[in-house]
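Geometric and topological summary
Here's the letter readout for the chains.
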Amino acid sequence: MKKFNTHQSLFQRARLLFLVALMVLAAGCSTIRFTYNHGDTLLYWWLNAYVDLDSDQSDWVKKDIDNLFQWHRATQLRDYAGLLGKMQRQLGDGNVTQDELLSDYRDIKARTELLAFKALPQLADLAMSIKPGQIAQMEQKFAKNNDKFRKEFMSGSVEDQHKARFKKAMSQFELWLGSFNRDQEAALRRASDARPLDNDVFLQERMLRQKKIVALLRRVHDQKLNKEQTMSAVHDLLRDMFDRTEAPERKAFYDAYVDSTSKFILTAIKLTTPEQKQHAQKRMQGWINDFNALAQGK
């Protein structure tokens, strides 16, 4: 049975992927159910943009995406609702700590790993089906995305790069907490700028992941690996990507990044007014309700 490839989506940013769960959170409370219920189509389009699936691949890829969504809906969404409830209580207590934020980070990371390794046989099947022309298209897509990253986050002066990063962070804060006044934004900008500006390192890590994905696909094709061998190779790649934060040459960087980001988020929470906290509580409750409804097939 053939399956689909989610390599890049699983490791692409520190937004802590819940697969479609966080994608639909970003879409806003009123559209979670609609987006999730069409998530299989959206995921297929995303994949097709990377490898241009042929007519043979298309049918079973769609079926396998649908199967994954059925598993995800049945087994994961109530858990996501529970995690959001935990975060909701932390915010309501008014005394959330950095340790609690780091615990939330670890909880989400664990769910991301669960999803990745659940899809291991499927990832292996798709890897075995990928052709050289599709690998070349994937490389072109990676290069295009990297150029976009450079343009958005590495062009201009250091001030421009700080501004671009802050703008992106504020869009996420406003989704959760609503609008901020001028004084709050100024304080958050100072907290944001205090973080290390490491876009060059992120680009290096991004390109390294891409290089490993391409190398794996070429190895599977050139050496004609069987299913067991391919599963082992994909497992090692996933493990390497998840463990990258502990790699000797990058551990200090990732530790500093997670620490500074959690402090930045904590600053935002501490600055919020009762009205903003109420906005966040209401929004999270809407997401909790939607996840529970989706888990029931609604």
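Residues numbered from 1 in each chain as written. Predicted model: local features only at pLDDT ≥ 70, side-chain atom pairs only at ≥ 80, totals over all residues. Heavy atoms only, no water.

Observations regarding the overall build of the protein
Convention followed: Counting from the N terminus, the helices are the DSSP runs of H or I reaching at least four residues and the strands are the DSSP runs of E reaching at least two. Only protein chains enter the calculation, and the probe is 1.4 Å; a residue is then buried if its accessible area is under 20% of its type maximum, exposed if over 50%, and partly exposed in between. Two residues qualify as a contact provided that any one of their heavy atoms is within 4.5 Å of a heavy atom in the partner residue. Methods summary: accessible areas were calculated by the Shrake-Rupley approach with a probe of 1.4 Å, and residue burial reflects only the protein chains presented.
Secondary structure assignment for the protein yields 15 helices and zero strands. Buried residues in the protein amount to 48% of all 298 residues. Relative to all contacts within the protein whose residues are 6 or more apart in sequence, the contacts with residues 24 or more apart total 84%. As displayed, the protein has an accessible area near 15,000 Å², and 53% of this comes from carbon and sulfur atoms.

Thoughts on the nonpolar core
Short version of the rule: Residues enter a nonpolar core if they are buried and are Ala, Val, Leu, Ile, Met, Phe, Trp, Tyr or Cys, with the set joined through side-chain atoms within 4.5 Å.
Counting residues in each nonpolar core, the largest one holds 61 residues, and the members touching the most others are V61, L188, L216 and L217. Among residues more than four places away in sequence, those in contact with L216 are A127, A233, V234 and L237.

Some remarks on the side chain of T261
We count it as follows: Polar contact is defined as a pair of N or O atoms within 3.5 Å, subject to the rule that within protein one atom must be able to donate a hydrogen and the other to accept it, and that residues adjacent in sequence are counted only when both atoms are side-chain atoms.
Among the structural elements, T261 can be located in helix α14 (residues 251-271). Of the polar contacts made by the side chain of T261, one reaches the backbone oxygen of Y257; its length is 2.8 Å.

Structural notes on the packing of aromatic side chains
Here is the rule we go by: The aromatic pairing rule takes the rings of Phe, Tyr and Trp, using the six-membered ring of Trp, and pairs them if the centres are within 6.5 Å, calling planes under 30 degrees apart stacked, those over 60 edge-to-face and the rest tilted. The criterion is that NZ of a Lys, or CZ of an Arg, lies within 6 Å of the ring centre and within 35 degrees of the ring normal, and then a charge sits over that ring.
Considering all chains together, one arrives at 12 aromatic pairs under this definition. Ring geometry for F117 versus F242: centroids 6.0 Å apart, planes at 35 degrees, classification tilted. Highlighted residues: F117 in helix α7 (residues 98-118) and F242 in helix α13 (residues 227-242), separated in sequence by 125 residues. Using a relative accessible area of 22% as the deciding quantity, one classes F117 as partly exposed. Its relative accessible area of 5% is what places F242 among the buried residues. Ring pairs connect the aromatic residues F202, F253, Y254 and Y257, which therefore count as one cluster. Cation over ring: K62 sits above Y44, and NZ or CZ is 5.0 Å from the ring centre. Sitting over the ring of Y50, K141 keeps its end group 5.6 Å from the ring centre.

Points about the pattern of salt bridges
Heads up, the rule is: Each salt bridge in this description consists of a side-chain nitrogen of Lys or Arg and a carboxyl oxygen of Asp or Glu lying within 4 Å of one another.
A full pass over the atoms with the stated rule returns 19 salt bridges. For the salt bridge of E113 with K109, the shortest nitrogen-to-oxygen distance reads 3.0 Å. In this pair, E113 and K109 are both assigned in helix α7, four residues apart and thus about one turn of the helix distant. Among the salt bridges present, the one from D243 reaches R239, with a minimum N-O distance of 3.1 Å. You can call D243 partly exposed: its relative accessible area is 36%. Linked through salt bridges whose partners overlap, the residues forming this network are K109, E113, R239 and D243.

A look at the packing of helix α6 (residues 77-93) against α7
Heads up, the rule is: Helix axes use the C-alpha atoms of the stretch in contact, all axes being lines fitted to C-alpha atoms, and the angles between their N-to-C directions lie in the range 0 to 180 degrees. Put simply, angles under 35 degrees are roughly parallel, angles over 145 are roughly antiparallel, angles from 65 to 115 are roughly perpendicular, and the rest are oblique.
It is at 11 Å that the axes of α6 and α7 come closest, and there the two elements cross at 175 degrees. As far as their axial angle goes, α7 and α6 are roughly antiparallel. Contacts between α6 and α7 involve D79, Y80, L83, K86, M87 and Q90 from the first element and E100, S103, D104, D107, I108 and R111 from the second.

Quick look at the confidence of the model for the protein
We count it as follows: In predicted models, pLDDT denotes the confidence assigned by the predictor to each residue on a 0 to 100 scale.
Mean pLDDT over the protein: 85, with 90% of residues reaching 70 or higher. Contacts from residues 1-30, a stretch scored under 50 in pLDDT, to residues over four places away or in other chains number 93 contacts.

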